[in-house]
Amino acid sequence: MDDLRRCDPQVHRAVAHETERQLAHLEMIASENFVSPAVREATGSVFTHKYAEGLPGRRYYGGCEHADQVEELARTRATTLFAADHANVQPHSGAQANMAGYFAFLSPGDRILGMNLSHGGHLTHGSPVNFSGRYFDVTSYGVSESDGRLDYDAIRDAALRTRPKVIVAGASAYPRIIDFAAFGEIAREAGAALLVDMAHVAGLVAGGHHPTPVPHADVVTTTTHKTLRGPRGGLVLCRQEHAAAIDKMVFPCIQGGPLVHVIAAKAVALGEALSPGFAEYGRRVVENARVLADVLLERGVRLVSGGTDTHLVLVDFVGGDLTGKQAEEALGRAGIAVNKNTVPGETRSPFVTSGLRIGTPAVTTRGMGPGEMRRIGGWIADVVEDVENEDLAARVRREVEELCRGFPLYRPDSPPGGPDLAEA
Ligand code: DSN
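Note that the coordinates shown come from a computational prediction; the quantities given were computed from them, not determined experimentally. (Residues numbered from 1 in each chain as written. Predicted model: local features only at pLDDT ≥ 70, side-chain atom pairs only at ≥ 80, totals over all residues. Heavy atoms only, no water.)

(A) Expanded view of unusual backbone geometry. Geometrically, the link from Phe 251 to Pro 252 is a cis peptide bond, its omega value of 15° lying close to zero. In this fold, Pro 252 is placed in helix α10 (residues 243–254). Although it is not a glycine, Ala 83 sits at a positive phi angle of roughly 50°. Within the secondary structure, Ala 83 sits in the loop between α4 (65–82) and β4 (86–88). Of note in the backbone geometry, Arg 229 takes a positive phi value of approximately 65° without being a glycine. (Helix = DSSP H or I, 4+ residues; strand = E, 2+ residues; numbered from the N terminus.)

Listed below in structure tokens is the structure:
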């Protein structure tokens, strides 16, 4: 940070303020996490200087021997961690991973069946404002109105009726276990390929706390920065028969030079996920989400599907006056970072919404447990009951800051800005 402070005080100041924000807030955006100092070090390494188009051993540039080594480590660790035939660790993001997966099976105009965004799906699963909705003919499935859960009979009916070439399973705001085996059966019956985007639950899958999609899917995509706790990026896993197609779609079809520094950091994070402590981390993420759900339900806060099996809860304001935007802003003033989210039965715009998504991966990395979740759940309920009350928000913020001081992101002997994960 000394070089940055000297050379560019404005950027340095923004980084310093962001560090303070992360230390003093409760980070409860379900897709965020804190990486280890080792992951950050690899991300900031000299590999940022290197061009390495191609794959290990088959590059279009010289001087790639060390880039080959980190990419091979990342690929091997990814296939070991998820028991997959093949991994491509180059996608810059989850969206690129999904694009590569689609392009391996589809031509423009082909039909896909994906989860409705307002029921918990993702933009890249067929939203009209995304490339997936613009390139492909999309049919959506959702959750059932009665219990907020995926209705596999209805998904099967939709698949047999519309005969998509690809069925997309996976979600960005669904609090329950997804039955990937059922999706696999539906895809086989409908003659479709199955692409599973496990970005949100990848870390839980790695730790054995969510069933793995790998045996059931043709292609599995993920980001590396959510529950998997790595650098921002994506990766694709697939059956051997699809390996060449996936690799070609990542490069040269949709990307140029891989981000070797990020691939190095992916290798580090995947190595951490292979360590025995990672399964315990996943167990605690889910336990914390359950405790949070219980406290909110006790306080009369409605949750989509009535609870959670995973790392997140989805608060449901449908039919009431309170919006997700108001709740997000009030909680932000109280020092709790969450995001407004569309929910089943949504009538408001994505900028307003009738829901709130709250996740436990980051606070769990910080070392918080059920006791802290009870306090946090109480604060969240207090604030959403009275979003206009500035005194309440200020009081909660003071208590949040005090709690955060008890859970520093890193120990004094760790480099600044990253958690010491030794006990996680
Ligand atoms: N934007 C991510 C999320 O918050 O779930 C998904 O890409």
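(B) Structural context of the site of the ligand. The immediate surroundings of the ligand are formed by Ser 31, His 122, Ser 172, His 200, Lys 226 and Arg 357. Ser 31 is positioned with one of its side-chain polar atoms (N or O) 2.7 Å from an oxygen atom of the ligand. Here an oxygen atom of the ligand and a side-chain polar atom of His 200 are 2.7 Å apart. Its free accessible area being 240 Å², the ligand has 62% of it covered by the protein chains. Partitioning the shell around the ligand into residue classes produces no nonpolar, 4 polar and 2 charged. (Near = heavy atom within 4 Å. Polar contact = N/O pair within 3.5 Å; in protein donor to acceptor, adjacent residues only side chain to side chain. Areas by Shrake-Rupley, 256 points an atom, 1.4 Å probe, with all protein chains shown as cover. Nonpolar A, V, L, I, M, F, W, Y, C, P; charged D, E, K, R; others polar.)

(C) Quick peek at the sheet that holds strand β11 (residues 312–316). Taken together, 3 strands build an open sheet; the order of strands is β11-β14-β13 and the sheet is antiparallel. Only two strands of the sheet have a single partner each, and these edge strands are β11 and β13 (339–340). The sheet strands contacting helix α12 (residues 276–298) are β11 and β14 (355–359), and the helix crosses β11 at an angle near 20°. Helix α13 (residues 324–333) rests against β13 and β14 of the sheet, and its axis sits at about 40° to β14. (Pairing = 2+ DSSP bridges. Contact = heavy atoms within 4.5 Å. Axes fitted to C-alpha atoms, helices over the stretch in contact; angles between N-to-C directions.)

Limitation: the analysis is restricted to geometry and does not speak to function.
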